[in-house]
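One letter stands for each residue in the lines below.
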Amino acid sequence: MQYSKSKMELLVKNNAELTKRLKQIMKEHELEKSFALKALYHAEVKESGRFMKDYQEL
């Protein structure tokens with residue numbers, strides 16, 4: 001499964017929990033949105049993450 005910025009943006013937009021987590025990552029690590037999205041992907045989606053199925057359905 002490959003990372004797609006547009007899919008991640010859509011997934012975050014449709015999920016309040018991921019939106020909150022994205023903002024938290026951006027603040028904690030002082031990252032720009034694009035880097036925070038990639039970090040969120042690796043933490044919550046990739047390799048059987050909680051949101052992997054939702055990501056694949058997009």
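Right above here is the structure, for reference.
Residues numbered from 1 in each chain as written. Predicted model: local features only at pLDDT ≥ 70, side-chain atom pairs only at ≥ 80, totals over all residues. Heavy atoms only, no water.

## Here we look at helix α2 (residues 16-29)
Item 1. Taking 1.5 Å per residue, 14 residues should reach 20 Å; α2 reaches 20 Å between its end C-alpha atoms and fits that length.
Item 2. Residues of α2 that are buried include every one of L18, L22 and I25, and no others. Projected onto a plane normal to the axis of α2, the buried residues spread over an arc of 65 degrees and lie on a single side. What points out from α2, more than 90 degrees from its buried face, is the exposed set A16, K20, K23, K27 and E28.
Item 3. The elements touched by buried residues of α2 are α1 (5-13) and α3 (33-44). (Helix = DSSP H or I, 4+ residues; strand = E, 2+ residues; numbered from the N terminus. Expected span 1.5 Å × (residues − 1). Buried < 20%, exposed > 50% of the residue type's maximum accessible area, 1.4 Å probe, protein only. Arc of directions from axis to C-beta. Contact = heavy atoms within 4.5 Å.)

## Focus: the packing of aromatic side chains
Item 1. Following the criterion strictly, the structure yields two aromatic pairs and no others.
Item 2. With a centroid separation of 5.2 Å and an interplanar angle of 65 degrees, the aromatic rings of Y3 and Y41 are classed as edge-to-face. Of this pair, Y3 sits in the segment before α1 while Y41 is found in helix α3, placing the two residues 38 residues apart along the sequence.
Item 3. Given a relative accessible area of 2%, Y41 falls into the buried group.
Item 4. Taken together, a centroid distance of 5.4 Å and an interplanar angle of 50 degrees make the contact between Y41 and Y55 tilted. With a gap of 14 residues between them, Y41 in helix α3 and Y55 in helix α4 (residues 52-57) connect regions that are remote in the sequence. Of the two residues examined, Y41 and Y55, each falls in the buried class.
Item 5. Taken together, Y3, Y41 and Y55 form an aromatic cluster joined through their ring pairs.
Item 6. Cation over ring: K7 sits above Y55, and NZ or CZ is 5.2 Å from the ring centre. (Phe/Tyr/Trp six-rings, centres within 6.5 Å; stacked < 30°, edge-to-face > 60°. Lys NZ or Arg CZ within 6 Å of the ring centre and 35° of its normal.)

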